[in-house]
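# Reading the structure
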Amino acid sequence: MQMNRISKLALVGLILLCSVLVSSAELEFGHCERVVKRWADASSSSSSEEQHSNNKDKRSLQDLLFFLHVPRTGGRTYFNCFLRKLYDNAEECPRSYDKLRFNPRKEKCKLLATHDDYSLMEMLPRDKTSVMTIVRDPVARVLSTYEFSVEVAARFLVHPNLTSAARMAGRIRKKNVISTLDIWPWKYLVPWMREDLFARRDARKVKGVVIIEDANPYGMEEMLMPLHKYLDTPTAHDIIHNGATFQIAGLTNNSHLAEAHERRLDSMLYVGLTEEHRESASLFANVVGSQVLSQVVMSNVTAKSKTTKSEERDTVSESGSDKSEIKNGTTKVASDKIEAKSGTMTVKTLMEVYEGCSTHLRKSQGTRRVNSLKRISPANFTTETRTRVPREVIQQIKSLNNLDVELYKYAKEIFVKEHELVSKKIVSTSKRSIVDLQNVFGEMDDEKLWTVALMLLLLFLFFLFVNARRRRTSKVKI
């Protein structure tokens, strides 16, 4: 009874393949569970030994996650499609866009997502708070800010005049409901742009029929404020230019700090890049998501014998100010949270949930944008129309946002380093897993090895049989 090294490696490969298939068929295999636990323990102890204490603190998720949401960086997608899947409503801190309206030390407050700036850290338990943010290319961010200001302001053009529009805006802003008009910087930019759109519409009415032949939406002066004029206004200088730098430094007109510190990004748990969408999402899932999911598993193990009815009720509520942003998605959000909180969600399934959710959200936002911009047709903003922005205007944006340009360069350096680190860790974990499997099976005698191999082969054939039955059933016309 001999089994050489090649046979053992072949068996290891078969087990790895079958473990994936078995999980797909929702079958349990106790031995694999014990091996996985050994990998997790080994990975945890190894990473803690390899990293410097400062870096370890930076990369370790603390009790409170502060999402410093720089406007127009894709943060809403992260909030709805990542953070809301990982955290219960009861774990969210009441958000504080312009005023500090929450107690960050309240029990179960684990997530704070806000457009407020870094100075908010003065109000938070600094040693128990991790910070994350997303940075975007300054030119794209400024163009997106201009476009969104126009888009939201254009929604009010259904009204006959500015007075009627202002009245409606007041009715929209209900108590305990967060509206776009409550959020910095839109509470300043949208009313300003709304007033400008109404003034230009009134001017067109006085002139009579106005034919707009310009194909560049950023220069349709009869319809809306041209981009080059927008960039030079006092409002833009106060709020938009270098906005990401001032927000991360804690020096906006919404600030609670008198001074800032350099290189805030260095101390953050996660820094994403809007332009590197797929890679940023993967980095978030592996750096932040994996730690939240790990904490869920640990808390479930601890609380299994202590579960009470009151604790169960805490996770049921799905109320919130902007849950309706993803239409018809309430049931899906709830089921995703149940999966995450039960400890069955993995980094891979988290990414799958994110991709489905973000695709749906982008479609929803795209439809809303199209409907809003119909009111100022032929003005329309697309990826293609951005290529029509004159070079001198692009240069103007870069010049006015020179601090953001430097910040973005630095954010890219951090992102590349973190991405490489996570990639190496994943490869290292995979190699260590194979070695651990070889060690486990190396300890078995030949008779046990062949018994395990036979069991796995039977499971594999069973999976193929079930899958084939499903395919045949799916082809039947109803």
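Quick look at the overall build of the protein now. Helix and strand counts for the protein stand at 17 helices and 4 strands. For the protein, long-range pairs separated by at least 24 residues make up 79% of all intrachain contacts whose partners lie at least 6 apart in sequence. Accessible surface for the protein amounts to roughly 26400 Å². Of this, 54% is attributable to carbon and sulfur atoms.

Right, let's talk about the side chain of Arg264 for a bit. Counting through the fold element by element, Arg264 comes out in the loop between helix H10 (243–249) and strand E4 (270–273). Buried charged residue Arg264 carries no salt bridge. Nearest counter-charge: Glu122, at 6.8 Å. One polar contact links the side chain of Arg264 to the main-chain carbonyl oxygen of Ala249, over a distance of 3.1 Å.

This paragraph deals with helix H4 (residues 75–86). In an α-helix there are 3.6 residues to a turn, and that puts residues three or four apart on one side. With 12 residues, H4 ought to run about 16 Å at 1.5 Å a step, and its terminal C-alpha atoms sit 15 Å apart, in line with that. For H4, the tally of buried residues reaches 11 of 12 residues, placing the bulk of the element in the interior.

What follows is about the pattern of salt bridges. Going through the model one piece at a time under the given rule, you end up with 15 salt bridges. One salt bridge connects Arg84 with Glu92, and the closest N-O pair in it is separated by 3.4 Å. Assessed through its relative accessible area of 3%, Arg84 is described here as buried. Classification of Glu92 as buried rests on a relative accessible area of 12%. With a shortest N-O distance of 3.1 Å, Arg155 and Glu151 are connected by a salt bridge.

Considering all chains together, one arrives at 2 disulfides under this definition. Between the sulfur atoms of Cys81 and its disulfide partner Cys357 the distance amounts to 2.1 Å. On the sign convention where negative is left-handed, the bridge of Cys81 and Cys357, at about -70 degrees about the S-S bond, is left-handed. Placement of Cys81 in helix H4 and of Cys357 in helix H14 (residues 347–373) is noted, with a sequence separation of 276 residues between them. Given the relative accessible area of 8%, Cys357 is considered buried. The connectivity of the disulfide bonds within the protein can be written as 1-4, 2-3, using the sequence rank of each bonded cysteine.

About the thresholds
- Residues numbered from 1 in each chain as written.
- Predicted model: local features only at pLDDT ≥ 70, side-chain atom pairs only at ≥ 80, totals over all residues.
- Heavy atoms only, no water.
- Helix = DSSP H or I, 4+ residues; strand = E, 2+ residues; numbered from the N terminus.
- Contact = heavy atoms within 4.5 Å.
- Areas by Shrake-Rupley, 256 points an atom, 1.4 Å probe, with all protein chains shown as cover.
- Buried < 20%, exposed > 50% of the residue type's maximum accessible area, 1.4 Å probe, protein only.
- Lys, Arg positive; Asp, Glu negative; His and termini not counted.
- Salt bridge = Lys/Arg side-chain N within 4 Å of Asp/Glu carboxyl O.
- Polar contact = N/O pair within 3.5 Å; in protein donor to acceptor, adjacent residues only side chain to side chain.
- Expected span 1.5 Å × (residues − 1).
- Disulfide = S-S within 2.5 Å.

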